[in-house]
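These are the residues of each chain, in order.
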Amino acid sequence: MATIKIYSFGHGRKPGTAWLKTTDTDPGYYIINCPVCRTRGLLPYPCVRSQTVGVLVTKPGTVDDVVFLGPGVWAMSNRAQKAVRDAGLSGIRWVDPVEVVTDERGPTWSGTIRRIQNLELRIAAIGGRGGSIAKANGVKVTRRCEYCGWITWSKRPRSIKIDPEQWDGSDFFCIEEFRERLFTARAAETLASVNLTGFSAEPAGTL
Ligand SMILES: [Zn+2]
């Protein structure tokens with residue numbers, strides 16, 4: 001089987017772009033406040049479970065087609081959604097934000113909300129599975145708590161090798177060890193072909 005290149009989302013943000021976050025802290029993850037290991041944080045569960053996400057505007061401005069909302073959580077415009085649908089890409093489900101709220105009131109803030117509504121920004125619930133990368137990439141558990149289930153992994157390799165046997169064939173997928181969302185070259189080409197603002201694909205490895 002030929003090698004498939006895989007990519008992750010780039011994080012470039014231009015001046016004047018609205019800062020958006022989820023109103024829930026990292027939906028789809030367990031929030032840990034462990035009395036045993038003293039961890040306060042988010043259990044890095046890789047795939048989206050339930051995804052009731054609100055969008056919080058923390059700084060007004062222009063809104064991109066592809067927006068980073070938080071670890072593993074991305075929102076995309078109607079143009080991105082159409083490109084994914086037209087190409088028949090798999091592993092992604094679109095979820096409406098339950099609410100769009102701002103830190104403050106005023107015309108610039110409500111203008112940003114209007115742009116979000118015009119873009120029909122939806123949450124990209126990426127649920128495809130790429131399996132575990134620990135074995136093929138030498139990633140090891142550096143800390144584990146039996147009480148709360150917290151796991152910390154050693155650093156992600158610069159180039160990830162995905163085991164095709166564990167991959168479910170989805171164009172958009174996640175891996176068990178890290179929160180980042182990955183996608184195939186076909187998905188990267190599709191999104192790049194419609195010139196979406198806020199989108200860039202960074203090489204992440206092979207499959
Ligand atoms: Zn714990």
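Residues numbered from 1 in each chain as written. Predicted model: local features only at pLDDT ≥ 70, side-chain atom pairs only at ≥ 80, totals over all residues.

Peer 1: Mind laying out the overall build of the protein chain, listing which residues take part and the relevant values?
Peer 2: Across its full length, the protein chain holds 4 helices and 17 strands. Its C-alpha atoms give the protein chain principal-axis dimensions of roughly 50 × 50 × 30 Å. Here the protein chain holds 207 residues, and 35% of them are scored as buried. For the protein chain, restricting intrachain contacts to residue pairs at least 6 apart in sequence, the fraction spanning at least 24 positions comes to 78%. (Helix = DSSP H or I, 4+ residues; strand = E, 2+ residues; numbered from the N terminus. Buried ≥ 20, exposed ≤ 12 C-beta atoms within 10 Å, placed from the backbone. Contact = placed C-beta atoms within 7 Å.)

Peer 1: Account for the sheet that holds strand β14 (residues 160-161), naming residues and giving values.
Peer 2: As summarised here, the arrangement of the 6 strands in space is β11-β15-β16-β1-β17-β14, forming an open sheet in which the pairing is mixed. Every interior strand has two partners, whereas the edge strands, β11 (128-129) and β14, have only one. In this structure, strand β15 (residues 172-174) lies alongside strand β16 (residues 181-184), joined through 3 bridges in antiparallel fashion. Directly across from C174, in β16, lies its bridge partner R181. Its contacts with the sheet put helix α4 (residues 185-193) on β1 (5-9), β15, β16 and β17 (201-206), and the angle it makes with β16 is roughly 90°. (Pairing = 2+ DSSP bridges. Axes fitted to C-alpha atoms, helices over the stretch in contact; angles between N-to-C directions.)

Peer 1: Hey, could you go over unusual backbone geometry for me, with residue numbers and the actual values?
Peer 2: Glycine aside, residues mostly have negative phi, and peptide bonds are mostly found in the trans state. A positive phi is found at R38, a non-glycine position, where the angle reads about 65°. Residue position: R38 is located in the loop between β3 (30-33) and β4 (40-43). In this structure R38 comes out as exposed when scored by C-beta crowding, with 11 C-beta atoms within 10 Å. Phi at E120 takes a positive value of approximately 50°, unusual for a residue other than glycine. With respect to the helices, strands and loops of the structure, E120 is situated in the loop between α2 (107-118) and β10 (122-126).

Peer 1: Please set out α2 residue by residue, giving values where relevant.
Peer 2: Its 12 residues give α2 an end-to-end C-alpha distance of 16 Å, which sits within 8% of 16 Å, the value for a rise of 1.5 Å per residue. Downstream of α2 by a residue or two, E120 has a phi angle that is positive, lying close to 50°. (Expected span 1.5 Å × (residues − 1).)

Peer 1: Before we move on, could you go through the sheet that holds strand β6 (residues 66-70) and cite the residues and values that matter?
Peer 2: Paired through backbone hydrogen bonds, the strands of a sheet run either parallel or antiparallel to each other. Across the sheet, 4 strands lie side by side as β6-β7-β10-β8; this open sheet has antiparallel pairing. Since the sheet does not close on itself, it has two edges, and those belong to β6 and β8 (92-95), each with one partner. Shown here is a sheet whose adjacent strand axes are inclined to one another by a mean of 35°, direction ignored.

Peer 1: Report on the confidence of the model for the protein chain, specifying residues and quantitative values.
Peer 2: On average, residues of the protein chain score 89 in pLDDT, and 93% of them are at 70 or above. Confidence, expressed as mean pLDDT per element, reaches its minimum in the protein chain at β4 with 76 and its maximum at helix α1 (residues 78-87) with 98. (pLDDT = per-residue confidence, 0-100.)

Peer 1: Talk me through the environment of T197; I want residue IDs and the actual numbers.
Peer 2: Structurally, T197 is set in the loop between α4 and β17. Residues T197 and D64, 133 residues apart in the sequence, show an inter-C-alpha distance of 5.1 Å. Excluding its chain neighbours within four sequence positions, the residues that come into contact with T197 are D64 and D65.

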